[in-house]
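Secondary and tertiary structure notes
Here is what each chain is made of, one letter per residue.
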Amino acid sequence: MNTEWIAAAARLQAQQQPFALVSVLRVQPPASAKAGDKALVTADGAIHGWIGGGCAQPAVIKTVRAALADGQPRTIRITPTEETAERTLGDVLEFGMACHSGGTLELFIDPVLPAAHLTVLGDSPVARALSVLAPRVGFTVAVVAEGATAPDFPDAQTVLPSDDAASVCAALPAAGFAVVATQGRRDLQGLKAALALQPRALWFVASARKAGVLKQSLLASGEDPARVAAIAAPAGEPIGAQTAEEIALTVLVAVVAARRAPLAAAAPVAVAGPDTEAVAPTAAKSCCGGAAKKAAAPAKVEAPVEPAVTAVPKKSCCGG
């Protein structure tokens, strides 16, 4: 068995890069692949391993890109036809290929995505609770709080002791998720730092009234109106939460929902609060302009992950 894909998978996982594992399920000769053959395939078309010759590769690469975009596995069949065609047969996507070699391949394509990244801004009880809970549901967590130290947040992958927007932008990957849970301490600075990351969705733990006042301050300071409008506040689902841990849980529910939302529902960038409007997504760029930067160690680079969800009900655990 060709094991080239194993080393490639270890390398890409260490780099927090997405890929798909493609396995040959069934073969109808003549075909150069056999059942059980495997390959790792990336979105740029690199293939590590063996799943058949040139006739199979275009269909596999096309399907891998779709699987990496929405995180859903797929089964495909590649079969000879007089003309190139594509059709769905139940849960199998069939590609007809006008290829001289003949033979039929059936393959399973399983996307492997990096852990979603969550930036928590603030050193409040809710922020601390979020930093503990989020890694347990698959997020890598960075905490940004003025004067914070790593022992304060032992479950976070990265702890930044400054909420200066430029410093945060240089140290953390863009296009993840962000929650501002400053709760009265450096609220405006935390929001500015969060906006600098250009997150896919941003929640603010505050009442609608307080959020409205701070949004006006952000606009007055020159922040992008569309991104300010997309800040979700109040944050969280209305479950009657009272303690910091319960409030953190309600916020995390919204973050998980945004991560798991299907690509087709990705029109809004963020969960909308009662006084906000959704904003269309923008291309992933670094928060400081230009192409996205590699995260400074020990932060990991985050691939674009999950899109956002629908509006949060008007009442939440955090007021409003």
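Note that the structure is predicted; figures quoted are calculated from it, not measured.

With that out of the way, let us pick up the environment of A129. Relative to the helices and strands, A129 is located in helix α3 (residues 125-133). Once the C-alpha coordinates of A129 and E245 are considered, the two residues, 116 residues apart in sequence, prove to be 5.5 Å apart. In contact with A129, other than residues within four places in its own chain, are A244, E245 and A248.

Here we come to the pairing of strand β1 (residues 19-28). When β1 meets strand β7 (residues 104-112), the two strands line up antiparallel, connected through nine bridges. Residue pairing for β7: L21 is matched across the bridge by D110. Pairing analysis gives four bridges linking β1 to strand β2 (residues 38-41), with the strands arranged antiparallel. The partner of S23 across the bridge, within β2, is K38.

For the protein chain, the mean per-residue pLDDT works out to 80, and 79% of the residues sit at or above 70. Low pLDDT, under 50, characterises residues 289-320; the predicted model gives this stretch 95 contacts beyond four residues in sequence or across chains.

Time to look at the sheet that holds strand β8 (residues 116-121). Strand order in this open sheet of five strands is β10-β9-β8-β11-β12, and the pairing throughout is parallel. Edge positions in the open sheet fall to β10 (158-160) and β12 (201-204), since each of these has one partner strand only. In this sheet, neighbouring strand axes are inclined to one another by 15 degrees on average, regardless of whether the strands run parallel or antiparallel. Relative to strand β9 (residues 139-144), β8 runs parallel, the two being bridged by six bridges. Within β9, the residue paired with V120 across the bridge is V143. Of the strands in this sheet, β8, β9, β11 (177-180) and β12 touch helix α8 (residues 244-260), which is tilted by about 165 degrees from β11.

By size, the foremost hydrophobic cluster in this structure holds 33 residues, and its most contacted members are F139, F177, V179, W203 and V255. Residue assignment for this core shows that the elements contributing at least two residues are β8, α3, β9, β11, β12 and α8. Ranked by size, the runner-up nonpolar core spans 23 residues in total, among them L121, A171, A178 and L195.

With six of six residues buried, β8 lies mostly within the body of the structure. Burial of β8 is two-sided: the residues A116, L118 and V120 facing one way and the residues H117, T119 and L121 facing the other way are all buried. Once the chain exits β8 it traverses α3 before rejoining the sheet at β9, and the crossover so formed is right-handed. Of the strand pairs in this sheet, β8 and β11 are connected by four bridges, and their pairing is parallel. Considered in β11, the bridge of V120 is made with V179.

Here we take up the pattern of salt bridges. Any two side chains of opposite charge can pair if their charged atoms end up close together. Under the definition given, this model contains 12 salt bridges. Where R26 meets E106, a salt bridge forms, and the shortest distance between an N and an O atom there is 2.3 Å. Here the residue R26 occupies a position in strand β1, and E106 occupies one in strand β7, the gap between them amounting to 80 residues. One salt bridge in this structure joins D123 and R128, with 2.8 Å as the shortest N-O distance. Here the residues in one salt-bridge network are R26, R77, R87, E94 and E106, joined through shared partners.

Within this structure, the stated rule accounts for two aromatic pairs. With a centroid separation of 6.4 Å and 85 degrees between ring planes, the pair formed by F139 and F177 is classed as edge-to-face. Here F177 lies in strand β11 and F139 lies in strand β9, a separation of 38 residues in the sequence. Given a relative accessible area of 2%, F177 falls into the buried group. Geometrically, the ring pair formed by F177 and W203 is tilted, given 6.2 Å between the ring centres and 40 degrees between the ring planes. Highlighted residues: F177 in strand β11 and W203 in strand β12, separated in sequence by 26 residues. For the pair F177 and W203, a shared accessibility class is recorded, and that class is buried. Here the aromatic residues F139, F177 and W203 are joined through ring pairs into a cluster of three or more.

All right, on to helix α2 (residues 57-70) then. Side chains three or four residues apart in an α-helix point the same way, a direct result of the helix having 3.6 residues per turn. Helix length check: α2, at 14 residues, gives a terminal C-alpha distance of 20 Å against a target of 20 Å (1.5 Å per residue), a fit within 8%. Burial in α2 covers these residues: A59, V60, I61, T63, V64, A67 and L68. Elements that come into contact with the buried residues of α2 comprise β1, β2, β3 (47-49), β4 (74-80), β6 (92-97) and β7.

Conventions and cut-offs
- Residues numbered from 1 in each chain as written.
- Predicted model: local features only at pLDDT ≥ 70, side-chain atom pairs only at ≥ 80, totals over all residues.
- Heavy atoms only, no water.
- Helix = DSSP H or I, 4+ residues; strand = E, 2+ residues; numbered from the N terminus.
- Contact = heavy atoms within 4.5 Å.
- Pairing = 2+ DSSP bridges.
- pLDDT = per-residue confidence, 0-100.
- Axes fitted to C-alpha atoms, helices over the stretch in contact; angles between N-to-C directions.
- Core = buried A, V, L, I, M, F, W, Y, C linked by side-chain atoms within 4.5 Å.
- Buried < 20%, exposed > 50% of the residue type's maximum accessible area, 1.4 Å probe, protein only.
- Right-handed = clockwise from strand over helix to strand, strands pointing away.
- Salt bridge = Lys/Arg side-chain N within 4 Å of Asp/Glu carboxyl O.
- Phe/Tyr/Trp six-rings, centres within 6.5 Å; stacked < 30°, edge-to-face > 60°.
- Expected span 1.5 Å × (residues − 1).

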